[in-house]
Amino acid sequence: MHIVVCIKQVPDSAQIRVHPVTNTIMRQGVPAIVNPYDLYALEEALRLKDQYGGRVTVLTMGPPMAEAALRKAISYGADDAVLVTDRVFAGSDTLATSYALASAISQISKDMPVDLVFTGKQTIDGDTAQVGPGVAKRLDMQLLTYVSKVRSLDTENDEIVVERRSEGGVQVLKTSTPCLITVLEGNNEMRFATMANMFRASRYPVKIWNKDEAGIEDVTKTGLKGSPTVVSKVFAPTPRAVKAEIIQCESNEPGDLSVTLLAKMFNKHPKLEKEIAKRAV
Amino acid sequence: MSEETEAKKPAAGKRKLQLDESLLGYKGVWVFVEHERGAIHPVSLELLGEGRKLADMLGVELAGVVMGQPGDTTRSFCHEAFFHGADLCYLVEDPLLTDYRNEPYTKGLTDLVNKYQPEILLLGATTLGRDLAGSVATTLKTGLTADCTELNVDLEARSLLATRPTFGGSLLCTIQTLNYRPQMATVRPRVMAMPERDATRSGRIVEDKLGMVESSIITKVLEFIPDEMQDKPQLPFADIIVSGGRGMKKPENFKLIWDLANVLGAEVGATRPVVQAGWLDLERQVGQSGKTVRPKLYIAAGISGAIQHRVGMDASDVIIAINNDPNAPIFDFAHYGIVGNAMTILPALTEAFKAHLATARKAG
Ligand SMILES: Cc1cc2nc3c(=O)[nH]c(=O)nc-3n(C[C@H](O)[C@H](O)[C@H](O)COP(=O)(O)OP(=O)(O)OC[C@H]3O[C@@H](n4cnc5c(N)ncnc54)[C@H](O)[C@@H]3O)c2cc1C
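Residues numbered from 1 in each chain as written. Chains lettered and ligands numbered in written order. Predicted model: local features only at pLDDT ≥ 70, side-chain atom pairs only at ≥ 80, totals over all residues. Heavy atoms only, no water.

Draft legend 1. Molecular detail of the overall build of chain A. Per the secondary structure count, chain A includes seven helices and 15 strands. In terms of C-alpha radius of gyration, chain A reaches 24 Å, well past the compact-globule figure of 19 Å for 281 residues. Reported as C-alpha extents along the three principal axes, the dimensions of chain A are approximately 75 × 45 × 40 Å. Put simply, chain A has 281 residues, and 53% of those count as buried. Of the accessible surface of chain A, which amounts to about 12,500 Å², a share of 52% is contributed by carbon and sulfur atoms. (Helix = DSSP H or I, 4+ residues; strand = E, 2+ residues; numbered from the N terminus. Rg over C-alpha atoms; globule rule 2.2 N^0.38 Å. Buried < 20%, exposed > 50% of the residue type's maximum accessible area, 1.4 Å probe, protein only. Areas by Shrake-Rupley, 256 points an atom, 1.4 Å probe, with all protein chains shown as cover.)

Written out as structure tokens, the structure reads:
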């Protein structure tokens, strides 16, 4: 069995700052990490490999530095890693990204047929959750999103049964492989890297593919050219005009502060007072 | 939506803004009306409200798209769509559409788009909406902007302006789909306001066929396990929420949060670190990767006010913040603040509410 896990290197969004004057993103010094949601996908793939055997290949499209994310994945136990990197991919939106990844997956499957493609639920920088569905459509694979659990895998009959989170409950779905699964967070935890795998990761020769090696047939479908969406403006959220009214009173005791707060608030929002009185018990 | 926004300098100026002849025929605003087990998802109604505004600006009709199993319910959904602003509904009824599955829904919606050619197509950013939107956009090879927080139109270019947070919400960006139609966008529940329901409104229903057979659909639904409703918190629709953050120090201290919530008949919410520590359920996380809420009153105790939390609760009518750090960012956007130790303020506030409500009720 062969599982391809699509991962992305992302800036640790908790640490991103916006330049107060130029409004641009200050990326310097912001550490790059493996998109946290992708780790759940990778761990799920590794578990299936533990159970059923086979191979796990990690794939990313990105700048040359994204190699570090792949090496990290190797240290957790992935077998192979492919970095698709080329100037033509710069500025890809989700549609163009899905084209490049789908091409690369087709190339990878020439080596060993791909049974499953896993992705994280979404990235923490793009947050779109659209690349997985896009890749599935382009490869004409069945798409199973928000999968919380792989119930069973029948490698003989190419069948898989999964639990999928939907709005009001859990759908249990059966489908045929090859298929693409986006894995929901929180149902597993990434294993620790073993010494042996860390050692392997440090020396592993990541496959670095340009557009031709990735099997790109039509460059107009990649990068800015292949992206129907255009960012026309980037800006910081406007701060609220008025800051919070800090409640103070003579004693500054919790009790007095609370009474002062309620008096002020209900004076300004009489409807809220009625609303609360109606419902509170 | 751009996965690599930083590499994409604003380029609209350089790009051709004129629509290709072949795309000029795309007219009208559509909202996909999502439903599950007999009820429309509220996000679809919120989108109809927003779609109405866009349609009026463009001077076109607003249509709802209803897909589902044959029967009265799907028809009643069309009428609900009219009550919430739609001029017409496209209706595709088929037993194969009983449960949501990607393949038949993608085909149904894609066929409708190709046949009736809308310029804008909006879906809720739910598990269903994101699954369907990504598939339909790729099939149609058009642009899709996910999780928009604001929608507008550029009348000159007749183009949708879709604004969304980027980079974990630290920045906003406006995205346009030029020279591709339809322009697609998803919006998360509770981001847009619910429009007034007007039961005097009506509209026309345009029916269409799915044209598929079960044997051609590869994925089968074996079972549906509904969530237990009773004990599942419904934060997005709560009127009052009391939330605690890491500043509550330990899980036992959340009793103070629950006490206040009980007095107010409120729901309890939390920040991500609290949820990650396992003190509260994921369902209670408020923020970018949790729920978007719009209560009448939001009380935040021991919460710093990180942007990722803020985007989930910014639309609350009144925000009270309790924090011992006078410089905490939450005071930048709360309405009222108490600087102090949450462990002593919360019980006092609970008592004050109790006393106030007792007198208010006597008087009222
Ligand atoms: C991709 C991504 C998604 C995220 N999504 C979310 C999300 O959906 N929701 C979310 O909430 N966060 C989210 N976060 C995390 C977010 O960035 C913040 O880290 C988080 O909101 C901080 O939580 P907090 O306010 O509880 O903790 P802290 O930031 O640690 O703040 C604790 C606060 O408590 C105050 N305090 C300490 N002691 C007391 C006391 N005795 N009395 C009163 N106050 C006290 C402190 O002054 C401080 O302001 C996300 C982050 C990333 C990177």
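Draft legend 2. View of the overall build of chain B. In terms of regular secondary structure, chain B is built from eight helices and 18 strands. In terms of overall dimensions, chain B is globule-like: its C-alpha atoms have a radius of gyration of 23 Å, near the 21 Å expected for 364 residues. Dimensions of chain B along its principal axes, counting C-alpha atoms only, are 65 × 50 × 45 Å. Here the analysis covers contacts within chain B between residues at least 6 apart in sequence; of these, 68% occur between residues at least 24 apart. Carbon and sulfur atoms form 51% of the exposed surface of chain B, whose accessible area is close to 14,000 Å². The averaged location of the 45 negative side-chain charges in chain B is 3 Å from the averaged location of its 39 positive side-chain charges. (Contact = heavy atoms within 4.5 Å. Lys, Arg positive; Asp, Glu negative; His and termini not counted. Charge placed at Lys NZ, Arg CZ, Asp CG, Glu CD.)

Draft legend 3. Structural context of the sheet that holds strand β15 (residues 245-246) of chain A. Pairing is parallel in the open sheet, where six strands are placed in the order β15(A)-β18(B)-β17(B)-β16(B)-β14(B)-β15(B). Of all strands in the sheet, those bounded by a partner on one side alone are β15 of chain A together with β15 (267-270) of chain B. Helix α5 (residues 254-264) of chain B contacts β14 (240-244), β15 and β16 (297-301) of chain B of the sheet and is inclined by roughly 175 degrees relative to β14 of chain B. (Pairing = 2+ DSSP bridges. Axes fitted to C-alpha atoms, helices over the stretch in contact; angles between N-to-C directions.)

Draft legend 4. Spatial organisation of helix α3 (residues 102-116) of chain B. Residues and elements named next belong to chain B. If you check α3, its first and last C-alpha atoms are 21 Å apart, about what 15 residues at 1.5 Å a residue would give, namely 21 Å. Along α3, the positions that sit buried rather than exposed are Asn102, Pro104, Tyr105, Thr106, Gly108, Leu109, Thr110, Leu112 and Val113. A positive phi of about 55 degrees marks Gln117, the residue just after α3. (Expected span 1.5 Å × (residues − 1).)

Draft legend 5. Up close: the interface of chain B and chain A. If you look at the interface, chain B gives 105 residues, while chain A gives 96 residues. When the two sides are added together, the surface that chain B and chain A hide from each other amounts to roughly 8,500 Å², 57% of it contributed by carbon and sulfur. At the junction of chain B with chain A, the criterion picks out five salt bridges. Here Arg165 of chain A ties to Asp227 of chain B by a salt bridge, and the two come within 2.8 Å at their closest N and O atoms. At the junction of chain B and chain A, the tally comes to 35 residue pairs in polar contact (both at pLDDT 80 or more). Taken together, the residues of the side of chain B that touches chain A sort by class into 47 nonpolar, 32 polar and 26 charged. Here β15 of chain A pairs with strand β18 (residues 336-339) of chain B via two bridges, running parallel. (Buried area = accessible area lost by both parts, 1.4 Å probe. Salt bridge = Lys/Arg side-chain N within 4 Å of Asp/Glu carboxyl O. Polar contact = N/O pair within 3.5 Å; in protein donor to acceptor, adjacent residues only side chain to side chain. Nonpolar A, V, L, I, M, F, W, Y, C, P; charged D, E, K, R; others polar.)

Draft legend 6. Molecular detail of the pattern of salt bridges. All names here are of chain A. Applying the stated criterion across every chain, the model contains 39 salt bridges over all chains. Of the charged contacts, one joins Asp125 and Lys8 as a salt bridge, the two residues approaching to 3.1 Å between their closest N and O atoms. In this pair, Asp125 sits in the loop between β8 (116-120) and α4 (131-139) while Lys8 sits in the loop between β1 (2-6) and β2 (9-11), placing the two residues 117 residues apart along the sequence. No difference in accessibility class separates Asp125 from Lys8, as the two residues are buried. In the salt-bridge network here, residues are joined through shared partners; they are Glu43, Arg47, Asp50 and Arg191.

Draft legend 7. Just the nonpolar core, in detail. Formed by 40 residues in total, the largest nonpolar core has its most connected members in Met265 and Ile276 of chain A together with Leu264, Leu297, Ile299, Leu346 and Phe353 of chain B. Excluding residues that lie within four positions of it along the chain, Leu346 of chain B makes contacts with Met248, Leu256, Ile257, Leu260, Ala301 and Ile322 of chain B. (Core = buried A, V, L, I, M, F, W, Y, C linked by side-chain atoms within 4.5 Å.)

Draft legend 8. Summary view of the domain arrangement of chain B. Residue and element names in this part refer to chain B. The assigned domain composition of chain B is domain 1 (4-216) and domain 2 (235-363). Each of domain 1 and domain 2 has a C-alpha centre, and these two points are 34 Å apart. Between domain 1 and domain 2, the residue contacts involve 11 residues of the former and 10 residues of the latter. For the pair domain 1 and domain 2, the summed buried area comes to about 930 Å², and 48% of that belongs to carbon and sulfur atoms. Put simply, domain 1 and domain 2 have zero salt bridges between them. (Domains from an automatic or database assignment.)

Draft legend 9. Main features of the site of the ligand. Around the ligand lies a shell of 29 residues, among which Arg246, Lys249, Thr271, Ser289 and Ser304 of chain B are the nearest. In this structure, the ligand sits where chains A and B come together, each supplying nearby residues. Contacts to the ligand include Arg272 of chain B, whose backbone N or O atom sits 3.1 Å from an oxygen atom. Protein burial of the ligand: of its 980 Å² of free accessible surface, 86% is covered by the chains. (Near = heavy atom within 4 Å.)

Draft legend 10. Structural context of the side chain of Asn102 of chain B. Along the chain, Asn102 of chain B falls in helix α3. Engagement of the side chain of Asn102 of chain B in a polar contact is seen with the side chain of Asp131 of chain B, the distance being 2.7 Å. Aside from chain neighbours lying at most four places away, what touches Asn102 of chain B is Lys137 and Leu143 of chain A together with Asp131 and Ser135 of chain B.

Draft legend 11. Broad picture of the sheet that holds strand β4 (residues 62-68) of chain B. Residues and elements named next belong to chain B. Strand order across the open sheet formed by seven strands is β7-β11-β6-β1-β4-β5-β12, with parallel pairing between neighbours. Lying at the two open borders of the sheet, with one neighbouring strand each, are β7 (144-148) and β12 (204-208). Each adjacent strand pair in this sheet contributes to an overall mean axis angle of 25 degrees, direction not counted. Here β7 pairs with strand β11 (residues 183-187) via three bridges, running parallel. Its bridge partner being in β11, Leu144 is matched across the sheet by Met184. Most of the contacts of helix α2 (residues 72-83) go to strand β5 (residues 88-93), to which it runs at about 165 degrees, and overall it touches β1 (29-33), β4, β5 and β12. Relative to the sheet, α3 contacts β1, β4, β5, β6 (120-124) and β12, its axis offset from that of β4 by approximately 150 degrees.

Draft legend 12. The packing of aromatic side chains, seen in detail. By the definition in use, this model includes six aromatic pairs over all chains. Ring plane angle 70 degrees and centroid distance 6.2 Å describe the contact between Phe266 of chain A and Phe353 of chain B, whose orientation is recorded as edge-to-face. Residue Phe266 of chain A is found in helix α6 (residues 254-268), and its partner Phe353 of chain B is found in helix α8 (residues 342-363); the two belong to separate chains. The buried category is assigned to Phe266 of chain A, whose relative accessible area is 4%. Residue Phe353 of chain B is classed as buried on the basis of its relative accessible area of 0%. By the ring-pair criterion, three or more aromatic residues cluster together here, those being Trp30, Tyr90 and Tyr116 of chain B. (Phe/Tyr/Trp six-rings, centres within 6.5 Å; stacked < 30°, edge-to-face > 60°.)

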